[in-house]
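# Inside the fold
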Amino acid sequence: MYCHYSAAVSSEPGIPALQTCIGCHQLIGGSTPSHQAEIKKVRDAWRERKPPEWVRVHALPGFVRFPHMRHIKALGAQSCATCHGEVQRMPQVTQVSTLRMGWCVRCHLAQTPPVTRDCSVCHY
Amino acid sequence: MTESVDRRRFLKVLGVTGAGAAALSACGIGPEPTERLIPYLVQPEDQIPGTATYYATTCRECAAGCGLRVRIREGRAVKLEGNPDSPINRGRLCARGQAGLQGLYNPDRIQHPLVRNANGTFDDIDWDGAIQRLAAKLREAQGKGIVFLTGAEQSSFGDLVDEWMKQVGGRRLSYEPFGFEALRAGNRMTFGTASLPSYDFGNAKYLVSFGADFLDTWLSPVEFQNGFSQAHAFDAGRPASMAKFVFVGPRMSLTGMNADEWVAARPGTEGTLALAMAQVILSQHLARVPADASRLVSVLGAYSPSAVAQAIGIDADTIVRLAREFARSGGGLAVAGGMATQYANGAEIVAAVNILNYVAGSVGSLIKFGADLAIGSTNTFADLTALTSDMTNGRVALLFVHGTNPAHTLPGAFQQALGKVGYKVSFSSFMDETAAACDMILPDHHALEQWGDSRPRAGVTALQQPVVQPVFDTRPSGDVILKLSGKTGTFQDYLQGKWRTRHPKDFDQYWFDSLEKGGIYGEAPTRTVRLAEGVAKIGFGALAAPAVPDQQVIVFPHPALHDGRGANKPWLQELPDPVSKIAWHSWVEVHPDTAAKWGLATGDFLLLKSSFGAQKFPAWITRSVRPDVLAVPTGQGHTAYGRYAKDRSANAFELLGGEATTYGGRSFIVGATATKTGEHRRIVTTEGSPRERGRGTVEVLGLARAKALHPGEAPFHHEETPEYASDAVAWWAERQHEQAEIGNYKGEQPRWGLAIDLSKCTGCAACVTACYAENNIATVGEELMQRGREMSWMRLERYWLTDEHGEPQGAVNSPMLCQQCGNAPCEPVCPVYAAYHTPDGLNGQVYNRCVGTRYCSNNCPYKVRYFNWYNYAERGGQYEAFPEPLSMLLNPDVTVREKGVMEKCTFCVQRIRGAQNQARLENRAVKDGDIVTACQQTCPSEAIIFGDLNDKRSQVYELAGNPRGYHVLAGLNTKPAITYLARVVAQDTPSHG
């Protein structure tokens with residue numbers, strides 16, 4: 001996981017620092033005018049030393065504790081698309097799953113053997 | 001697309017009647033407000049979001065110098081733990097140490113330099129401007145008297161100040177209000193050396209404390225408590241099983257409460273008792289006495305038990321018995337301190353106790369000179385009074401104050417003297433009384449924000465490093481001094497320079513290793529001491545009785561607030577005093593006989609008037625103080641020092657005089673008249689009942705009975721279930737469990753449990769403060785605590801143990817927290833399944849399901865469920881518990897509860913889940929010892945053990961099977977997951993009322 005670097009070791013996925021973005025995008029300028037316009041924003045931000053304010057798309061309420069690393073451990077490092085959709089093909093990231101508790105529990109129970117549905121594993 | 005309203009918001013709307021069209025997001029209705037995420041520009045190397053980084057540093061809340069490990073989350077310090085590498089505290093931390101976080105993020109910190117203007121108020125000023133101004137004042141004051149006053153500061157910072165003072169022709173004084181002048185003078189009298197030795201409590205076989213509150217505030221409480229726990233806890237595997245502890249003093253402090261026997265000697269006669277014991281040992285040849293002790297025979301001749309018994313106020317037989325027990329134990333340790341060394345004859349009392357130790361052979365074995373304690377090198381109270389008189393006579397043109405608050409501890413005299421000083425500069429982080437009287441304030445960084453070191457005892461150098469970025473625009477005082485002295489570089493450079501001289505080769509690796517360990521931990525060699533020449537000439541006079549109608553009033557240090565420095569930390573204010581269980585205000589301890597004479601009830605105000613000052617205190621009637629003595633704690637009565645400390649209760653220091661005793665110390669006992677003012681207040685106390693009354697909440701065993709226990713025995717009787725309830729209790733629960741399909745009932749999952757050994761628990765309440773810190777527990781304040789709304793998930797219940805005459809001999813302390821019952825009364829009654837039983841044996845509390853019916857708390861027989869009656873976390877709310885920046889210390893792993901939600905101990909479920917996650921990442925199972933609850937981690941006595949009761953190899957499983965083990969209120973068949981191990985008292989027949 002290059003960008004969201006801590007997803008495999010921590011509950012938090014980790015927002016990449018602007019330095020991470022510029023690591024690739026100092027060279028990768030974009031192949032279409034709309035790509036180039038977006039990447040220019042990154043370069044401008046780096047030049048002005050002002051990181052962008054991302055709008056949060058996937059947000060769970062404060063009383064839920066979701067451990068990313070457990071899910072990546074169980075489902076594999078390529079499993080981001082399972083919950084987040086094909087992010088690499090989205091022109092702008094949207095939320096494709098409801099992220100509601102019923103959706104979580106359904107997937108837990110669908111595993112073999114079923115994963116815990118104990119309340120205190122996520123709510124404490 | 002309409003956003004559906006969720007259940008909690010729906011209920012909130014129902015509750016908001018007639019509120020009109022409030023802004024949608026303000027009352028929580030409508031779509032969630034957009035969150036924005038701002039990334040770093042450059043990723044910090046040592047931080048992984050969601051995980052913690054730990055740094056080693058040193059605690060500076062008192063002079064003991066315990067090592068710290070600070071848990072940092074995303075650049076914020078969220079929890080302090082003891083550093084396991086430090087030989088002083090061995091990974092444990094007291095309540096005051098835990099509360100250090102509330103000093104760092106205190107809302108009343110001084111945020112930038114201040115300078116007094118012509119109107120007498122403070123103006124903001126920038127650092128360069130302030131230093132320039134100060135440099136000019138420094139030039140003016142040359143040759144006219146420059147003084148730098150610090151607290152106990154045996155450190156590189158202290159060295160820097162000394163060097164600077166030398167450079168400018170000034171001098172430094174270090175002042176601690178509870179300095180140990182009598183100990184130093186007494187040691188000089190007996191052994192010819194004024195240093196303070198180190199004490200090996202862990203290997204003692206018999207302990208007598210003459211006033212020394214080694215579990216509260218004396219010298220190095222965490223270290224001594226840890227050692228005491230090893231010696232005094234019941235261990236069936238040892239020949240003597242436990243060391244007996246006798247406390248001699250006029251009032252029972254926290255230390256006194258843990259005694260197996262309380263000898264309430266008349267104030268000032270503690271030394272006489274020590275000499276009488278020594279006389280018995282010498283004359284009856286009860287120990288292998290060092291050869292030069294023969295000089296003492298003449299001195300001790302006059303102190304036979306029969307000659308002195310009446311003066312002390314006990315039987316001669318008791319003295320003989322104590323002496324025999326002390327000598328025959330083969331490892332007797334006597335310590336003098338606390339109140340016993342704060343009388344006018346304090347030094348002589350120390351000398352007497354030194355003689356007792358010498359005669360019993362403990363000097364050189366349990367008492368080691370060589371590894372001397374640094375607090376023994378502060379200046380004395382006499383030096384401070386000399387300074388005060390210099391100040392009053394205009395001989396001090398420039399005064400610097402750092403890390404001490406003499407305007408509070410020496411009110412009147414020092415305050416007035418300050419007015420005569422030309423220019424006064426404070427480095428205080430807080431607007432305390434001394435800073436409020438100064439002309440310029442250059443706020444220092446908090447100890448957690450800066451570099452430093454300290455040498456708490458010979459051989460140990462504790463290193464201090466910044467663990468967070470500075471919260472405000474403060475500067476390390478070391479930097480300021482270097483700038484003023486015209487030197488280049490920061491204090492960090494200076495500190496490293498000093499360390500480099502110690503180890504010039506491969507310095508970088510050495511420095512890195514020291515930072516990781518938190519310091520350099522060596523053992524200083526012991527040096528032998530012999531009796532001094534003049535020991536036979538010491539005049540062991542007794543303390544004069546006060547003039548009639550005066551009462552003897554003893555001023556003792558509050559265990560949490562100490563000399564007042566803890567009063568600005570709400571965790572410490574809300575912490576009930578271990579002896580009186582009173583919080584948020586001071587009190588005066590009055591014996592029931594005295595109270596009856598005066599027609600006094602608990603809560604009635606008494607005006608105490610000494611020849612130095614007068615203050616009024618509400619009375620607390622208790623048998624834990626002698627009838628002819630009144631006792632008041634220090635710590636409250638601030639006139640400045642922030643919102644939690646200011647204008648609260650009374651300042652006991654006002655009652656004391658400003659004259660030094662012959663040994664250079666201060667007398668903390670004073671004669672005062674006591675008159676009822678007619679006012680009354682309800683005291684703020686968490687005490688339910690002073691006595692246990694056989695209800696099954698605590699069990700106590702006599703030593704003989706405890707030694708006779710064999711495995712599998714169940715010595716405790718519990719209440720018979722009444723007929724009408726026996727079906728419900730026995731039948732229903734078992735049927736439920738038979739049908740349980742999941743989790744720990746089938747042995748498939750862990751069953752988390754706790755074992756608490758009451759023979760180790762001293763009642764110090766470090767666990768309570770650690771729990772507040774770990775679990776984001778709100779402090780509710782004085783008014784709500786008076787109404788019983790305190791939120792402490794863990795409380796300490798203190799029950800007096802009495803002898804056959806009903807006189808208290810000590811107390812048993814029982815930590816009471818959610819018992820995580822296997823058959824919990826709170827679970828079936830929750831209408832929304834917020835209280836339920838988890839597969840791994842916890843009684844779960846799901847905050848987002850809770851609607852606040854409070855039926856669970858109603859049904860709980862232990863009363864360990866706490867309800868959020870108000871919104872304690874609300875910014876700007878009436879009972880706001882975390883005003884900015886105090887909210888920075890909140891633990892991000894634990895939900896902050898809002899109004900209407902029930903909460904309780906969760907066995908630190910966040911730590912359990914964290915360890916389980918970590919184990920899964922590492923492809924292994926969770927092992928015993930991976931999970932440590934906050935209370936367990938901090939307990940200096942190591943009284944609490946957490947683990948998996950289904951793991952037969954775990955420590956907690958072994959302890960749960962111990963014959964001393966019992967469940968609280970066992971007759972109710974709640975099947976708690978917590979096993980308490982009975983307190984063992986080294987008496988034959990302890991009764992508890």
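Everything in this summary refers to the structure shown in the same document. (Residues numbered from 1 in each chain as written. Chains lettered and ligands numbered in written order. Predicted model: local features only at pLDDT ≥ 70, side-chain atom pairs only at ≥ 80, totals over all residues. Heavy atoms only, no water.)

## So, the packing of aromatic side chains
All names here are of chain B. For clarity, the threshold we go by: The criterion for an aromatic pair is that two Phe, Tyr or Trp rings (for Trp, the six-membered ring) have centres within 6.5 Å, with stacked assigned to planes under 30 degrees apart, edge-to-face to planes over 60 apart and tilted to the rest. Here a strand is any run of E in DSSP of at least two residues, a helix any run of H or I of at least four, and the numbering for each starts at the N terminus. Here the term buried applies to any residue with accessible area under 20% of the maximum for its type, exposed to any over 50%, and partly exposed to those in between, with areas from a 1.4 Å probe on protein chains only. Charge-over-ring placement is defined geometrically: NZ (Lys) or CZ (Arg) within 6 Å of the ring centre, and within 35 degrees of the ring normal.
The final tally for this structure, using the stated rule, is 36 aromatic pairs over all chains. Look at phenylalanine 191 and phenylalanine 369: their rings are 5.6 Å apart centre to centre, the planes differ by 70°, and that puts the pair in the edge-to-face class. A residue pair is termed long-range when its members are at least 10 positions apart, and phenylalanine 191 in helix H6 (residues 181-191) and phenylalanine 369 in strand E14 (residues 367-373) qualify at 178 residues. You can call phenylalanine 191 buried: its relative accessible area is 8%. Its guanidinium or amino end placed over the ring of phenylalanine 668, arginine 666 lies 5.7 Å from that ring's centre, counting from NZ or CZ.

## Quick notes on the environment of A:Cys119
So the rule is basically this: It only takes one pair of heavy atoms within 4.5 Å for two residues to be counted as in contact.
As for its placement among the helices and strands, A:Cys119 is situated in the segment after helix H5 (101-110). Spatially, the C-alpha atom of A:Cys119 lies 47 Å from that of A:Gly29, the residues being 90 residues apart in sequence. For A:Cys119, the residues in contact, after removing those within four places along its chain, are B:Tyr836 and B:Val846.

## Quick word on the interface of chain B and chain A
A common way to report how large an interface is uses the accessible area buried once the components associate. The following threshold applies: Accessible area that two parts lose when put together, evaluated with a 1.4 Å probe and summed over both, is termed the buried area. Salt bridge, as used here, is a side-chain nitrogen of Lys or Arg placed within 4 Å of a carboxyl oxygen of Asp or Glu. Contacts described as polar in this section are N or O atom pairs within 3.5 Å, which, within protein, must combine one atom able to donate a hydrogen with one able to accept it, while residues neighboring in sequence count only if both atoms come from side chains. Residue polarity follows a fixed list, in which Ala, Val, Leu, Ile, Met, Phe, Trp, Tyr, Cys and Pro are nonpolar, Asp, Glu, Lys and Arg are charged, and the others, Gly among them, are polar. At least two DSSP bridges between two strands are required for those strands to pair.
Across the boundary between the two partners, chain B contributes 35 residues, which contact 36 residues of chain A. Between chain B and chain A, roughly 3300 Å² of surface is buried when both sides are summed, and carbon and sulfur atoms account for 61% of that area. We note a salt bridge from B:Arg913 to A:Asp118, for which the minimum N-O separation is 3.7 Å. Our count for the chain B to chain A interface comes out at 18 residue pairs in polar contact (both at pLDDT 80 or more). Looking at the side of chain B that touches chain A, the elements that each hand over two or more residues are strand E1 (36-37) and helix H28 (909-921) of chain B. Among the elements that line the side of chain B that touches chain A, the one with the most residues is H28(B), at seven residues. Per-class residue counts for the side of chain B that touches chain A are 16 nonpolar, twelve polar and seven charged. Bridge count for strand E1 (residues 54-55) of chain A against E1(B) is two bridges, and the pairing is antiparallel. By the bridge assignment for E1(B), A:Trp54 is matched with B:Leu37.

## What about the pairing of strand E3 (residues 67-73) of chain B?
All names here are of chain B. Across the seven residues that make up E3, a large majority, six, are buried. For E3 and strand E4 (residues 76-82), the ladder comprises six bridges, and the chain directions are antiparallel. By the bridge assignment for E4, arginine 73 is matched with arginine 76. Hairpin geometry of E3 and E4 is characterised by an intervening segment of two residues between the two adjacent antiparallel strands and by a positive phi of about 50° at glutamate 74.

## Examining the sheet that holds E3(B)
Residues and elements named next belong to chain B. Counted only if it meets this: To get an axis, fit a line to the C-alpha atoms, keeping to the stretch in contact for a helix; angles then go from 0 to 180 degrees between the N-to-C directions.
With antiparallel pairing, three strands are arranged side by side in an open sheet as E2-E3-E4. A single partner strand is all that each edge strand has here, and the edge strands are strand E2 (53-58) and E4. Recorded for the sheet is a direction-independent mean angle of 30° between the axes of neighbouring strands.

## With respect to the state of the cysteines
For clarity, the cut-off: To count as a disulfide, a pair of cysteine sulfur atoms needs to be within 2.5 Å.
Applying the stated criterion to the full structure yields zero disulfides over all chains. No disulfide involves A:Cys21; its nearest neighbouring cysteine sulfur is the one of A:Cys3, lying 6.9 Å away. Unpaired in this structure, B:Cys856 has its nearest cysteine sulfur neighbour in B:Cys826, at a distance of 6.3 Å. For B:Cys856, a relative accessible area of 9% gives the class buried.

## Section: empty space enclosed by the protein
All names here are of chain B. Stated precisely, the cut-off is as follows: Using protein atoms alone on a 1 Å grid, points that fit a 1.4 Å probe yet trap it form a cavity, whereas open point sets bounded by protein on both sides within 12 Å along at least five of seven lines form a pocket; residues with an atom within 4 Å of a point count as lining. Grid points are joined across faces, edges and corners, and a volume is the space filled by probe spheres set on the points.
All chains considered together, the criterion is met by 18 cavities of 30 Å³ or more. Size it by volume and the largest cavity reaches roughly 160 Å³. Lining the largest cavity are 17 residues, with Cys94, Ala95, Asp216, Pro559 and Cys764 sitting closest to its centre. Those elements that provide at least two residues to the lining of the largest cavity are helix H2 (95-98) and helix H7 (221-232). A per-element tally of the lining of the largest cavity places H7 first, with three residues.

## Here we look at the packing of helix H3 (residues 68-75) of chain A against H28(B)
The following threshold applies: Angles below 35 degrees are treated as roughly parallel, those above 145 as roughly antiparallel, those between 65 and 115 as roughly perpendicular, and all remaining angles as oblique. Crossing chirality is assigned from the near helix's rotation relative to the far helix, an anticlockwise turn below a right angle marking it left-handed and a clockwise turn marking it right-handed.
The interhelical angle for the contact between H3(A) and H28(B), taken along N-to-C directions, is 30°, at an axis separation of 10 Å. As far as their axial angle goes, H28(B) and H3(A) are roughly parallel. In the packing of H3(A) onto H28(B), the handedness of the crossing is left-handed. Listed contacts from H28(B) to A:Met69, A:Arg70 and A:Lys73 of H3(A) are B:Gln916, B:Asn917, B:Arg920 and B:Leu921. Among the residues forming the contact of H3(A) with H28(B), the class breakdown is two nonpolar, two polar and three charged.

## Some points on the environment of B:Met794
Looking at where B:Met794 falls in the secondary structure, it is placed in the loop between helix H26 (782-786) and strand E29 (795-802). Sequence separation of B:Met794 and B:Val460 is 334 residues, and the distance between their C-alpha atoms is 34 Å.

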